[in-house]
Amino acid sequence: MDTLILGADEVEKAAQIIKNGGLVAMPTETVYGLAADALNGNAVANIFKAKGRPMDNPLIVHISDISQITGLVREFPENARRLAEKFWPGPLTIILPKSDNIPDEVSAGLDTVAVRFPSHPVAKALIGASCPLAAPSANLSGSPSPTTLRHVIDDMNGRIDAIIDGGDCAVGVESTVITLAEGKPRILRPGGITAEQIRSVIGETDIDAAVTAPLADGQKASSPGMKYKHYSPKAEVILLDGSDDDFAEYIRNEYDDKTAVLCYNEEKDVLPCMCIPVGAKNDDSAYAYHLFAALREADERKCSRVYAHCPKKEGIGLAVYNRIIRAAGFKVIKL
Ligand code: AMP
Ligand code: MG
């Protein structure tokens, strides 16, 4: 199939494709999403085919008006209302008991549905001109999420009906996913809204153990996406946990001409090997913004090994850690 590349002013055309049961990649403030009509099970099934996504990994439903939530969930409890008031539109996904309208393809057979209200003007306009949209990240399953138009073209050209060009994504990692469907609030995936921000609104909130550690053999994932290999470039990724001096010394001893380093801007001219900067030291938002593009760049430059700094496990650093530890298959070297 030919994939149309649409400008941000061609949302009406994209909405028509969605209403006809087609697939459109859209920019959001987190990463590009691959969207279909959330209430059309056949259209949603095609998302899984285009991505090669396992059918048991549920999708997030995106809305552009808080009133749309009533058709999607059975309950909208007080703590959900408070989070929505504070963080929507924005990079927060809330899991709630699902209404019977939600097709099994969206919820992957679970009794819950994940809902988010994105802030990107193009995403909001597309939903407004069509309907609530089921949308995972617009990458081939397993590879780093797309944060630019070119990433989406690289993975999805010929597999979907259209891509809307919305420039580069501002946050760079996916939304925070929190479940309010099982007693105490629990973050299943860290993202653009931090645990600290969430606790300041609804108080005590757990962080699922699978955010920072691999699932034990046979352990059931609260968020099915957690059990899959994720965000991986072809190159081997290794996290280095230690001081910046130890980091530099390790690289100097170990690098070869196929080694890349996801380095701080300050290190770009002092490390001896291929450097892919991910922002200034201590700027975890910049690390998040650059991470997926940097992993893709390592593959484009035919690297076989990528070393990266271990981010702080707090604030948006926790989201970076969660992605990069999976990209690394949990390989961390303590320096
Ligand atoms: P992506 O679609 O790539 O943004 O990933 C969405 C993430 O949300 C995946 O890790 C899913 O497993 C998770 N997710 C979506 N819906 C649910 C749900 N109802 N319950 C638990 N996790 C969910
Ligand atoms: Mg994804």
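Residues numbered from 1 in each chain as written. Chains lettered and ligands numbered in written order. Predicted model: local features only at pLDDT ≥ 70, side-chain atom pairs only at ≥ 80, totals over all residues. Heavy atoms only, no water.

Trainee: What should I look at first to understand the packing of helix α6 (residues 149–156) against helix α9 (residues 284–300) in this one?
Mentor: Between two packed helices, what matters for the description is the angle formed by their axes and the separation of those axes. One way to put it is that α6 packs onto α9 with a least axis distance of 11 Å and a crossing angle of 55°. When the interaxial angle is binned, α6 and α9 end up oblique. For the crossing formed where α6 meets α9, the hand is left-handed. Seen from α6, the contacting residues are R150, H151, D154 and D155; seen from α9, they are A293, R296 and E300. Across the contact of α6 with α9, the residue classes break down as one nonpolar, one polar and five charged. (Axes fitted to C-alpha atoms, helices over the stretch in contact; angles between N-to-C directions. Helix = DSSP H or I, 4+ residues; strand = E, 2+ residues; numbered from the N terminus. Parallel < 35°, antiparallel > 145°, perpendicular 65-115°, else oblique. Left-handed = near helix turned anticlockwise from the far one by under 90°. Contact = heavy atoms within 4.5 Å. Nonpolar A, V, L, I, M, F, W, Y, C, P; charged D, E, K, R; others polar.)

Trainee: Which parts of the structure should I look at to understand the pattern of salt bridges?
Mentor: Two side chains with opposite charge may pair up if their charged atoms get near one another. A full pass over the atoms with the stated rule returns 18 salt bridges. Of the charged contacts in the structure, one is a salt bridge between R296 and D155, with a shortest N-O distance of 3.0 Å. You can see R296 sitting in helix α9 and its partner D155 sitting in helix α6, a full 141 residues away along the chain. Judged by relative accessible area, D155 falls into the buried class, the value being 10%. Note that K184 and D206 form a salt bridge whose closest N and O atoms lie 3.0 Å from each other. Residue K184 is located in the loop between β9 (176–179) and β10 (186–189), and its partner D206 is located in strand β11 (residues 206–207); the two are separated by 22 residues in the primary sequence. Overlapping salt bridges, with partners in common, bring together R150, D154 and E300 in one network. (Salt bridge = Lys/Arg side-chain N within 4 Å of Asp/Glu carboxyl O. Buried < 20%, exposed > 50% of the residue type's maximum accessible area, 1.4 Å probe, protein only.)

Trainee: Hey, could you run me through helix α3 (residues 78–87) in this one?
Mentor: Residues three or four positions apart in an α-helix share a direction because the helix packs 3.6 residues into each turn. Of the residues making up α3, those classed as buried are A80, L83, A84 and F87. Mapping the buried residues of α3 onto a view down its axis gives an arc of 100°, with all of them on the same face. Exposed side chains of α3 directed beyond 90 degrees from the buried face belong to E85 and K86. Buried residues along α3 sit in contact with β5 (92–97), β9 and α7 (195–202). (Arc of directions from axis to C-beta.)

Trainee: When you look at the site of ligand 1 in this model, what are you seeing that I'm missing?
Mentor: The local shell around ligand 1 holds 17 residues, among which N57, T112, P136, R189 and G225 are the closest. Between ligand 1 and S137 there is a distance of 3.3 Å, counted from an oxygen atom to a side-chain nitrogen or oxygen. Within the contact set of ligand 1, an oxygen atom lies 3.2 Å away from a side-chain nitrogen or oxygen of R189. When the free accessible area of ligand 1 is taken as 510 Å², the share hidden by the protein chains comes to 94%. Of the residues assigned to the shell around ligand 1, the class counts are nine nonpolar, six polar and two charged. (Near = heavy atom within 4 Å. Polar contact = N/O pair within 3.5 Å; in protein donor to acceptor, adjacent residues only side chain to side chain. Areas by Shrake-Rupley, 256 points an atom, 1.4 Å probe, with all protein chains shown as cover.)

Trainee: Even after reading the chapter, I still don't get the sheet that holds strand β13 (residues 259–263), so can you show me in this structure?
Mentor: Backbone hydrogen bonds are what pair the strands of a sheet, in a parallel or an antiparallel way. Reading across the sheet, the five strands line up as β14-β13-β15-β12-β16 and stay open at both edges, with parallel pairing between neighbours. Every interior strand has two partners, whereas the edge strands, β14 (274–277) and β16 (332–334), have only one. The sheet shows a mean angle of 25° between the axes of neighbouring strands, direction not considered. Taken together, the five bridges between strand β12 (residues 236–241) and strand β15 (residues 305–309) define a ladder with parallel strand orientation. (Pairing = 2+ DSSP bridges.)

Trainee: Quick question: what am I supposed to make of the sheet that holds β10 here?
Mentor: Strand order in the open sheet formed by 11 strands is β1-β8-β2-β3-β7-β4-β6-β5-β9-β10-β11, with mixed pairing between adjacent strands. A single partner strand is all that each edge strand has here, and the edge strands are β1 (4–6) and β11. Across the sheet, helix α2 (residues 41–51) lies against β3 (33–37) and β7 (133–134), angled at about 155° from β3, the strand it touches most.

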